[in-house]
Protein chains: 2
Amino acid sequence: MSQTPDKAVRTYIEQHRAAFLDDLAEWLRIPSVSAQPDHAPDVRRSADWLAAKLQETGFSVAEVWETAGAPAVYAEWPSDDPGAPTVLVYGHHDVQPAAREDGWDTEPFEPVVRDGRLHARGAADDKGQVFFHTLGVRAHLAATGRTSPAVHLKLLIEGEEESGSPHFRQLVEEHADRLAADAVIVSDTGMWSEDTPTVCTGMRGLAECEIRLYGPDQDIHSGSFGGAVPNPATAAARLVAALHDEQGRVAVPGFYDGVVELTDRERELFAELPFDEQQWLRTARSHALHGEAGYTTLERIWARPTAEVNGIGGGYQGPGSKTIIPSTAMVKLSFRLVAGQDPDHIEKAVRAWAADQVPAGIRHEIVFGSATRPCLTPLDHPALQSLARSMSRAFASPVRFTREGGSGPAADLQEVLGAPVLFLGISVPSDGWHAPNEKVELDLLLKGVETSAYLWGDLAAHWRDVP
Amino acid sequence: MSQTPDKAVRTYIEQHRAAFLDDLAEWLRIPSVSAQPDHAPDVRRSADWLAAKLQETGFSVAEVWETAGAPAVYAEWPSDDPGAPTVLVYGHHDVQPAAREDGWDTEPFEPVVRDGRLHARGAADDKGQVFFHTLGVRAHLAATGRTSPAVHLKLLIEGEEESGSPHFRQLVEEHADRLAADAVIVSDTGMWSEDTPTVCTGMRGLAECEIRLYGPDQDIHSGSFGGAVPNPATAAARLVAALHDEQGRVAVPGFYDGVVELTDRERELFAELPFDEQQWLRTARSHALHGEAGYTTLERIWARPTAEVNGIGGGYQGPGSKTIIPSTAMVKLSFRLVAGQDPDHIEKAVRAWAADQVPAGIRHEIVFGSATRPCLTPLDHPALQSLARSMSRAFASPVRFTREGGSGPAADLQEVLGAPVLFLGISVPSDGWHAPNEKVELDLLLKGVETSAYLWGDLAAHWRDVP
Ligand SMILES: [Zn+2]
Ligand SMILES: [Zn+2]
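Residues numbered from 1 in each chain as written. Chains lettered and ligands numbered in written order. Predicted model: local features only at pLDDT ≥ 70, side-chain atom pairs only at ≥ 80, totals over all residues. Heavy atoms only, no water.

Enquirer: Before we move on, can you summarise the sheet that holds strand β14 (residues 363-368) of chain B with the specific residues and values?
Expert: Strand order in the open sheet formed by 8 strands is β14(A)-β9(A)-β13(A)-β11(A)-β11(B)-β13(B)-β9(B)-β14(B), and the pairing between neighbours is antiparallel. With one partner strand each, in any of the chains shown, β14 (363-368) of chain A together with β14 of chain B form the two edges of the open sheet. The mean angle between the axes of side-by-side strands here comes to 25°, regardless of whether they run parallel or antiparallel. When strand β9 (residues 205-214) of chain B meets strand β13 (residues 328-337) of chain B, the two strands line up antiparallel, connected through 10 bridges. Within β13(B), the position partnered with B:Tyr214 by the bridge is B:Thr328. Seen against the sheet, helix α11 (residues 343-357) of chain A touches β9 (205-214), β13 (328-337) and β14 of chain A and runs at an angle of roughly 170° to β14(A). (Pairing = 2+ DSSP bridges. Helix = DSSP H or I, 4+ residues; strand = E, 2+ residues; numbered from the N terminus. Axes fitted to C-alpha atoms, helices over the stretch in contact; angles between N-to-C directions. Contact = heavy atoms within 4.5 Å.)

Structure follows, in structure tokens:
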């Protein structure tokens with residue numbers, strides 16, 4: 001070939017980007033919201049669509065895998081090199097709930113390109129980042145002249161990530177033989193910024209629960225009964241208020257058991273990143289920093305466990321007033337976990353703490369969703385070095401290392417498959433994951449394609465390097 | 001006449017009860033919910049209906065009075081005795097919000113009689129209790145052979161009581177000349193129980209507000225940002241948790257300023273009432289007593305100021321989970337006030353307290369509805385004695401004295417008209433004011449008619465008695 005591989009990759013991407021974006025838009029139009037039961041048919045439609053598209057791309061196997069919940073998609077494209085390493089790409093095809101009235105400028109499931117950004121629910125989390133691998137592998141073949149990938153390529157794209165992946169562990173265990181891999185590439189995270197490409201080395205875990213509080217058997221008149229019986233909305237509020245101490249630490253006894261504390265070296269690496277607190281606050285659309293005393297913002301979001309209220313409700317929320325003591329109230333809590341924390345232990349701790357807090361006369365129940373474990377990959381792992389090199393080539397820039405505050409079922413893959421987990425994500429903090437007007441930067445999306453195009457060759461060449 | 005007056009009254013009521021109940025049901029079918037703007041036409045329809053019905057009853061004046069909000073109804077039936085006292089009956093024709101899905105067994109605006117109880121929103125609060133006066137005055141005339149009532153009878157039935165009577169004070173001030181009265185009869189309270197007829201001597205006041213808290217400019221991802229920025233739902237919860245101290249006292253500085261404390265004699269009278277805490281708890285549909293330390297339940301609900309959360313909301317409240325930091329949260333609070341407390345002072349105190357509590361990075365605003373003052377009438381007032389005698393005749397039982405924990409604009413009438421306020425109510429605690437399945441006991445409703453039938457003659461005979 002007369003082209004350098006990089007040029008060939010870029011040319012191929014340029015030639016196919018329009019069709020690639022059309023296909024992605026078609027997928028984004030499917031409102032595959034896994035948390036809302038009425039969208040179950042859409043989640044299935046999304047899986048079917050993806051399996052068909054992967055087959056069209058060239059994967060020799062493309063199957064919809066059933067779970068007790070929403071279906072996943074599995075695909076394989078074996079390498080002609082029998083000694084090639086096996087790589088499993090992980091992502092998800094389900095999305096967060098979204099409704100125009102939540103503050104979207106356009107319909108969340110009607111993709112729109114504005115100013116080089118593709119806006120739609122799932123654009124960044126996670127359909128866009130799953131989909132760049134389809135063009136990536138074809139660019140890899142076109143640029144290298146290969147007829148099969150340099151690695152045995154597998155894809156597992158689940159359908160319940162935004163619901164806490166309740167059946168993912170079981171799915172992976174069931175299909176562990178077919179999923180076996182030398183490395184797992186998770187494409188469901190982000191990077192530092194448009195200008196600073198980074199590779200993420202770990203994710204926080206997640207435990208979620210809803211605490212329901214039951215007071216009077218029905219709403220009662222606050223004039224007749226107020227001040228003399230317990231109010232479940234007050235109980236809900238007091239629970240939430242008791243969740244943190246005045247130092248911003250989570251006040252659930254036992255919550256910090258086993259937490260792997262940051263080393264001085266890690267704190268230094270974090271501190272060296274070009275972090276602009278004011279810029280970060282703007283991205284967070286927030287108006288002050290706040291959190292656990294004694295830690296920086298990056299430490300708080302990447303390496304410290306946290307507790308947040310995701311929702312609270314009880315009593316009358318309509319216009320005007322209604323002088324009642326509500327019958328019920330609820331809070332939805334989520335806990336981000338770091339290496340060393342065990343979700344089962346957290347659940348026990350939260351149950352004991354809540355039982356201790358709720359006053360007499362208020363009945364409570366706690367429903368935990370399935371949890372996600374935290375995970376972390378060593379910086380000197382050869383596959384991680386391959387990923388950093390490929391990304392550096394795509395971005396023509398050195399790559400730094402970060403962590404991810406969010407959570408994914410990566411730890412299950414690491415645990416069941418015994419493979420290291422690497423994170424290849426091109427999303428940036430302003431992409432608005434889980435928020436209105438979610439978007440992906442088209443330039444970065446195509447850098448993702450490019451990184452994917454370089455990665456398989458680099459991995460095949462270096463995966464046996466000794467750290 | 002050969003009949004005793006009591007017999008004549010009872011016979012008249014018996015003969016007219018069916019038509020009376022049909023008319024009341026017709027009125028209850030009008031969903032006159034003043035707190036919900038889309039029901040404004042229904043509130044007006046309710047006023048028109050009542051004015052027409054009062055004219056049909058025999059009132060020589062029956063007018064719909066406009067306010068800046070919902071209309072009130074005013075009616076007059078002068079006495080032929082020029083020296084007769086003037087009595088103003090107060091009630092309201094608007095009702096609390098109600099929807100079948102809140103837990104009603106039947107449609108809230110489709111009245112149903114079951115087991116001697118009339119179920120409908122407004123059956124007890126307050127349409128039933130306003131309406132018994134229409135049959136009461138006709139029974140009074142029929143039994144005494146009079147062609148006009150023994151008192152100059154006036155009615156003022158407002159349309160915004162369930163919205164905090166925002167324009168009532170202005171209405172009363174505007175029409176003070178026409179409303180002038182020697183005594184005010186408020187028919188918007190209850191009595192002790194079916195077996196223990198009581199006269200209420202005072203009501204608590206009410207101040208209400210909604211506190212809105214604004215955090216991030218939109219919902220943001222709790223994985224990416226959680227633990228590092230303030231969460232408005234947490235701020236809302238901490239506000240509510242800070243509302244009471246560990247003794248159950250309201251912790252807003254200045255809240256108790258000016259509170260008229262209970263005397264030992266008042267505490268004795270309360271303690272003498274046949275109060276069954278377990279029975280009261282069942283009526284309250286509640287599962288424990290709870291409140292300000294050092295006070296009994298009756299003291300807490302009748303004579304102590306309180307703070308309650310009527311509603312709290314923020315973030316994701318749908319099925320499943322959504323890992324966000326919500327952009328906004330809100331709490332609806334109401335404060336019951338007792339004699340000596342000033343709503344304006346309470347508003348200032350709550351604003352200062354909230355400003356002190358809300359953390360940096362959370363913006364807040366507080367919207368107060370219009371307040372209702374507390375009021376109290378001396379036990380030895382001759383009009384109060386007339387009322388107790390009339391009720392005693394209707395119930396064939398001695399009458400005891402209570403207070404009312406709820407609130408009404410009675411204090412405005414007392415203040416503007418300079419007239420003592422008496423409370424004639426036949427509702428019982430199980431009637432479910434502001435709750436699903438609100439009802440009125442038909443037997444008691446007719447005792448209300450009967451009390452009204454006796455009251456005008458007794459008042460005319462005794463209103464000049466010196467206490
Ligand atoms: Zn995701
Ligand atoms: Zn009322």
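Enquirer: So what's going on with the coordination of the zinc ion (ligand 1)? Residues and values would help.
Expert: All names here are of chain A. Summarising the metal site, the zinc ion (ligand 1) is bound by the protein donors His92 (NE2), Asp125 (OD) and Asp188 (OD), whose distances to it range over 1.8 to 2.3 Å. Donor residues for the zinc ion (ligand 1), ordered by position in the chain, follow H-x32-D-x62-D. With a gap of 96 residues between them, histidine 92 in strand β3 (residues 86-92) and aspartate 188 in the loop between β7 (183-186) and β8 (198-203) connect regions that are remote in the sequence. (Donors = N, O, S within 2.8 Å, 3.2 Å for Na, K, Ca; no water.)

Enquirer: If you had to explain the sheet that holds strand β5 (residues 117-119) of chain B to someone new, which residues and values would you point to?
Expert: Through backbone hydrogen bonds, the strands of a sheet pair up, either in parallel or in antiparallel fashion. Residues and elements named next belong to chain B. Spatial strand order, β4-β5-β18: 3 strands in an open sheet with antiparallel pairing. The outermost strands of the open sheet, each flanked by one partner alone, are β4 (112-114) and β18 (439-441). Averaged over all pairs of adjacent strands, the angle between their axes in this sheet comes to 25°, without regard to strand direction. When β5 meets β18, the two strands line up antiparallel, connected through 3 bridges.

Enquirer: Quick rundown of the interface of chain B and chain A? Include the residues and the values.
Expert: Taken together, the contact between chain B and chain A spans 84 residues of the former and 85 residues of the latter. For the chain B and chain A pair, buried surface summed over both sides reaches about 7,000 Å², with 52% attributable to carbon and sulfur atoms. Put simply, chain B and chain A have 4 salt bridges between them. Measuring nitrogen to oxygen at the nearest pair gives 3.8 Å for the salt bridge that ties B:Arg285 to A:Asp217. (Buried area = accessible area lost by both parts, 1.4 Å probe. Salt bridge = Lys/Arg side-chain N within 4 Å of Asp/Glu carboxyl O.)

Enquirer: Break down the domain arrangement of chain A for me, citing the residues and quoting the values.
Expert: Residue and element names in this part refer to chain A. On domain assignment, one finds that chain A holds domain 1 (5-203 + 375-465) and domain 2 (205-259 + 305-368). Taking the mean C-alpha position of each, domain 1 and domain 2 sit 36 Å from one another. Counting from both sides, the interface comprises 5 residues of domain 1 and, opposite them, 4 residues of domain 2. Between domain 1 and domain 2, the buried area comes to about 340 Å², and carbon and sulfur atoms account for 48% of it. In this structure, the connection of domain 1 to domain 2 is made through 0 salt bridges. Taken together, domain 1 and domain 2 are joined by 2 residue pairs in polar contact (both at pLDDT 80 or more). (Domains from an automatic or database assignment. Polar contact = N/O pair within 3.5 Å; in protein donor to acceptor, adjacent residues only side chain to side chain.)

Enquirer: Lay out the packing of helix α2 (residues 40-57) of chain A against helix α3 (residues 127-144) of chain A with the relevant residues and their values.
Expert: Between two packed helices, the angle of one axis relative to the other and the distance separating the axes together describe the packing. Residues and elements named next belong to chain A. Interhelical geometry of α2 versus α3 gives an angle of 15° and a closest axis separation of 10 Å. It follows from the interaxial angle that α2 and α3 lie roughly parallel. The handedness of the crossing between α2 and α3 comes out as right-handed. When α2 is examined against α3, the residues Ser46, Trp49, Lys53, Leu54 and Thr57 are found in contact with a partner set consisting of Lys127, Phe131, Thr134, Val137 and Arg138. Across the contact of α2 with α3, the residue classes tally to 4 nonpolar, 3 polar and 3 charged. (Parallel < 35°, antiparallel > 145°, perpendicular 65-115°, else oblique. Left-handed = near helix turned anticlockwise from the far one by under 90°. Nonpolar A, V, L, I, M, F, W, Y, C, P; charged D, E, K, R; others polar.)

Enquirer: Explain the UniProt feature "domain: Peptidase M20 dimerisation" (unreviewed entry) in chain A to me, and be specific about the residues and the numbers.
Expert: Following the UniProt record, one finds the feature "domain: Peptidase M20 dimerisation" (unreviewed entry) at residues 202-359 of chain A. Between the C-alpha atoms that bound residues 202-359 of chain A the distance is 39 Å, and the span itself is 32% helix and 23% strand. (UniProt positions renumbered as here; feature names shortened; annotations may be inferred.)

Enquirer: I'd like a rundown of the pairing of strand β3 (residues 86-92) of chain B, residues and numbers included.
Expert: All names here are of chain B. Counted residue by residue, β3 has 7 buried out of 7 residues, so it is predominantly covered. Going residue by residue along β3, you find Thr86, Leu88, Tyr90 and His92 tucked away on one face and Val87, Val89 and Gly91 tucked away on the opposite face as well. Pairing analysis gives 7 bridges linking β3 to strand β6 (residues 152-158), with the strands arranged parallel. Residue pairing in the sheet places histidine 92 in a bridge with glutamate 158 of β6. Here β3 pairs with strand β7 (residues 183-186) via 4 bridges, running parallel. The residue bridging valine 87 from the neighbouring strand is alanine 183, located in β7. (Buried < 20%, exposed > 50% of the residue type's maximum accessible area, 1.4 Å probe, protein only.)

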